[in-house]
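Here are the chains, one letter per residue:
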Amino acid sequence: MAMKSDAEYFIEACIKRDEKACRQLYERFAPKMYGVCLRYTHSSAAAEDVLHDGFIKVFENLDKLRDANALGAWIKRIMVHTAINYIRSEKPLVLNDFDKEYGNYATSDDIYDKIDADIVMKAIQELPGSFRSVLNLCEVEGYSIKEASEMLKIKESSVRGALVRAKRMLAEKLKEQI
């Protein structure tokens, strides 16, 4: 029988609602997860709401985590899904089939190399919600078009089109900064 790792003991303590362990888990992951939430929402208050709701889900479902070593990725996935649900509850995602309207335009990513990351993140936050979500899922979080399509419950072609359009809008916002 394999010995349990420190991470497994820590997670078990959280499952048993050990207050100290739960606080440590929150303090360890909250700052980074707040950044994830902020990328999807329009304000710090909304990001805090998503973070709070996300951690409630984390603590309610911690017993379903299969691999203690994947705790950070698992929490991040919960935060992303919670943020998407928050966006949906605020206003339904409406993305037309942008491929038909805008075509498959190539965008230049070199602008992102010339500008500070904080400025890029602020510009992403200024994008309309649907475009911000698609850009975050595909470019920041690394989900595929197909995965983003499934998460957002929209057509893959709409995700592709919205991603192109979001990159173009972001590039325009960033050009104003340099």
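Our subject is the structure listed above.
Note that the coordinates shown come from a computational prediction; the quantities given were computed from them, not determined experimentally.

J.: Is there a simple way to think about the overall build of the protein chain in this case?
T.: Each helix and strand counted, the protein chain has 10 helices and 0 strands in total. Beginning at the N terminus, the succession of helices and strands in the protein chain can be written as α-α-α-α-α-α-α-α-α-α. Per-residue burial for the protein chain yields a buried fraction of 43% across its 178 residues. Long-range pairs, those at least 24 residues apart, make up 72% of the contacts in the protein chain with a sequence separation of at least 6. For the protein chain, the computed accessible surface area is about 10,400 Å², with 50% contributed by carbon and sulfur atoms.

J.: Is there a simple way to explain helix α10 (residues 156-175) in this structure?
T.: In an α-helix, one turn spans 3.6 residues, which is why side chains three or four residues apart end up on the same side. Taking 1.5 Å per residue as the helical rise, α10 with its 20 residues ought to reach 28 Å, and the 28 Å between its terminal C-alpha atoms agrees with that figure. Buried within α10 are the following residues: S157, S158, V159, G161, A162, L163, V164, A166, K167, L170, A171 and L174.

J.: What is the right way to read the packing of aromatic side chains from this model?
T.: The description of an aromatic ring pair uses the distance of the two centres, along with the angle that the planes make with each other. On inspection of all chains with the given rule, the structure shows 2 aromatic pairs. Between F55 and F59, the ring centres sit 6.2 Å apart and the planes meet at 35°, which makes this aromatic pair tilted. With F55 and F59 both in helix α3 (residues 44-61) and 4 residues apart, the pair spans about one turn of that helix. Three or more aromatic residues link up through ring pairs in this structure, and these residues are Y26, F55 and F59.

J.: Whenever I open this one, the nonpolar core confuses me. Can you help?
T.: Across soluble globular proteins, nonpolar side chains show a tendency to be buried alongside one another. Counting 52 residues, the largest nonpolar core has L25, F55, V58, L71, I75, M79 and L137 as the members making the most contacts within it. Residue assignment for this core shows that the elements contributing at least two residues are α1 (6-15), α2 (19-40), α3, α4 (71-90), α7 (117-125), α8 (129-140), α9 (145-152) and α10. If one sorts the elements of this core by residue count, α4 sits on top with 10 residues. Beyond its immediate stretch of four places on either side in the chain, V58 contacts L25, W74, I75, I78 and M79.

J.: Would you mind going over α8 with me for this structure?
T.: Most of α8 is tucked away: 9 of the 12 residues are buried. Listing the buried residues of α8 in full gives S130, F131, R132, S133, V134, L135, N136, L137 and C138.

J.: Which parts of the structure should I look at to understand the packing of α1 against α2?
T.: For any two helices packed against each other, the geometry is given by the interaxial angle and the distance between the axes. One way to put it is that α1 packs onto α2 with a least axis distance of 7 Å and a crossing angle of 115°. Comparing the axis directions of α1 and α2 gives the class roughly perpendicular. Of the two elements, α1 crosses α2, and the hand of that crossing is left-handed. Packed against α1, whose contacting residues are F10, A13 and C14, the element α2 presents A21, C22, Q24 and L25 at the interface. Taken together, the residues that form the contact of α1 with α2 break down as 6 nonpolar, 1 polar and no charged.

J.: Any chance you could explain the side chain of N136 here in plain terms?
T.: Here N136 is to be found in helix α8. Its relative accessible area of 0% is what places N136 among the buried residues. Setting aside residues up to four positions removed in sequence, N136 forms contacts with R39, Y40, I124 and E141.

J.: What is the right way to look at the environment of I145 in this model?
T.: Take I145: it is sitting in helix α9. Classification of I145 as partly exposed rests on a relative accessible area of 21%. Distance in space between the C-alpha atoms of I145 and S157 is 8.6 Å, their sequence separation being 12 residues. In this structure I145 touches C138, E156, V159, R160 and L163, once residues within four positions along its chain are discounted.

Conventions adopted
Residues numbered from 1 in each chain as written. Predicted model: local features only at pLDDT ≥ 70, side-chain atom pairs only at ≥ 80, totals over all residues. Heavy atoms only, no water. Helix = DSSP H or I, 4+ residues; strand = E, 2+ residues; numbered from the N terminus. Buried < 20%, exposed > 50% of the residue type's maximum accessible area, 1.4 Å probe, protein only. Contact = heavy atoms within 4.5 Å. Areas by Shrake-Rupley, 256 points an atom, 1.4 Å probe, with all protein chains shown as cover. Expected span 1.5 Å × (residues − 1). Phe/Tyr/Trp six-rings, centres within 6.5 Å; stacked < 30°, edge-to-face > 60°. Core = buried A, V, L, I, M, F, W, Y, C linked by side-chain atoms within 4.5 Å. Axes fitted to C-alpha atoms, helices over the stretch in contact; angles between N-to-C directions. Parallel < 35°, antiparallel > 145°, perpendicular 65-115°, else oblique. Left-handed = near helix turned anticlockwise from the far one by under 90°. Nonpolar A, V, L, I, M, F, W, Y, C, P; charged D, E, K, R; others polar.

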